[in-house]
Amino acid sequence: MELRQLEYFVAVAEERNFTRAAERVRISQSGVSAQIRQLERELGAELFDRSGRTATLTVAGKAALEHARAALAAARAVEQAVGEVSDLIRGRLAVGMVVGCTVTPLFDALAGFHRAHPGVEIALLEDGSDRLVDGVCDGALDLALVGTATAAPGGLPALTVTSDRLVATVPAGHPLADRPHVTLEDLRAHPIVCMPPGTGLRTVFDRACAARDVHPVIAFEVSAADAIADLAGRGLGVGILSSSMAGAYRDRLTARVIDDVDAPAMLALVWKNTHTPAVRAFLAHARRAFAGASSRVSDAG
């Protein structure tokens, strides 16, 4: 059994597709398939069910996945420990960010980290916040920038980047534009443009509505703040954003804080542990980048 076989196995398990896994590990699909077959022969069990359109883990595959990830992590730790002693960090850093992310301090942190540690390969994955948190929890990601309704999503250590009230955004001339205050009850008369379930902002909104037994009509679900603003600006619905998001559209939209939504929508950088030098180094860059931004930054773990 070789480490590269475990790497290919984990890649196929996470991508659920041999072609995408081959692109990820940068070898041919036939090479990945051959190595997985060899690994299965050595283990005496099939790891994947190949009968469908996607490669799904068998019972044996599910049992092996966590241990394969642990073995790869241990091998990276050995490399990084040696590199740290010799004052050079190497390895791979997998970072996730919520879909539609426009938080430039994250990119500043990535750039600063890359300049300081060019020997580390950086992988960046965009996904929904819930799936990113799961990725950090199961070790597929080292860190992730996520939208959240709690200070410690998934029970993970977190650096809170922003903590904002929810606002209703509407164009000039809209019935809510001239109101000094807006409540959830006011929103019932209007279609809503909001982020999809699984995002921190939507979780805050849904929980507040459920607590007050208000059931607004969600007309449009989109992942990017720009799309919400564009749809709201065209009169297709009331856009639900955080106050910091809405600030970028003040030239064309009026934002009103939703008075009876007390819980904030937060953006946070989460991680599972700091055992590797690369994670510790990136966190240092992230703290500096976010602390230097105009956003209010607080440390939640």
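Above this text you will find the structure in question.
Residues numbered from 1 in each chain as written. Predicted model: local features only at pLDDT ≥ 70, side-chain atom pairs only at ≥ 80, totals over all residues. Heavy atoms only, no water.

A.B. asks: Any chance you could break down the nonpolar core for me, citing the residues and the numbers?
C.D. replies: One finds Leu 93, Leu 106, Leu 143, Leu 145, Leu 269, Phe 282 and Phe 290 to be the most contacted residues of the largest nonpolar core, which totals 38 residues. Of all the elements in the fold, those that place two or more residues in this core are strand E3 (91-98), helix H5 (104-116), helix H6 (129-137), strand E5 (143-148), strand E6 (158-164), strand E12 (265-271) and helix H11 (277-291). Among the elements that line this core, the one with the most residues is H11, at eight residues. Ignoring any residue separated from it by four or fewer positions in sequence, one finds Phe 282 in contact with Leu 93, Leu 106, Ala 109, Leu 110, Phe 113, Leu 143 and Leu 269. The next biggest cluster of nonpolar side chains, apart from the first, holds 35 residues, and it includes Leu 201, Cys 209, Ala 246 and Val 261. (Core = buried A, V, L, I, M, F, W, Y, C linked by side-chain atoms within 4.5 Å. Buried < 20%, exposed > 50% of the residue type's maximum accessible area, 1.4 Å probe, protein only. Helix = DSSP H or I, 4+ residues; strand = E, 2+ residues; numbered from the N terminus. Contact = heavy atoms within 4.5 Å.)

A.B. asks: Could you give me a rundown of the sheet that holds strand E10 (residues 238-242), with the residues and numbers involved?
C.D. replies: If you walk across this open sheet you meet the five strands as E9-E8-E10-E7-E11, and the pairing is mixed. Looking along the sheet, the strands with just one partner apiece sit at the ends: strand E9 (218-221) and strand E11 (254-257). The average undirected angle you get between the axes of adjacent strands in this sheet is 30°. In this sheet, E9 lies alongside strand E8 (residues 192-194) in parallel orientation, the contact comprising three bridges. Note that in E9 the partner of Val 193 across the bridge is Phe 220. Sheet strands touched by helix H9 (residues 225-233): strand E7 (166-170), E8, E9 and E10. Its angle to E10, the strand with the most contacts, is close to 150°. (Pairing = 2+ DSSP bridges. Axes fitted to C-alpha atoms, helices over the stretch in contact; angles between N-to-C directions.)

A.B. asks: Provide a residue-level description of H9, including the pertinent values.
C.D. replies: Looking only at H9, the buried set comprises Ala 225, Ile 228, Ala 229, Leu 231 and Ala 232. Buried residues along H9 cover an arc of 165° about the axis, so they all sit on one side. The inward-facing, buried residues of H9 contact E7, E8, E9, E10 and helix H10 (243-246). Gly 235 lies just past H9 and shows a positive phi near 80°. (Arc of directions from axis to C-beta.)

Geometry only, nothing functional implied.
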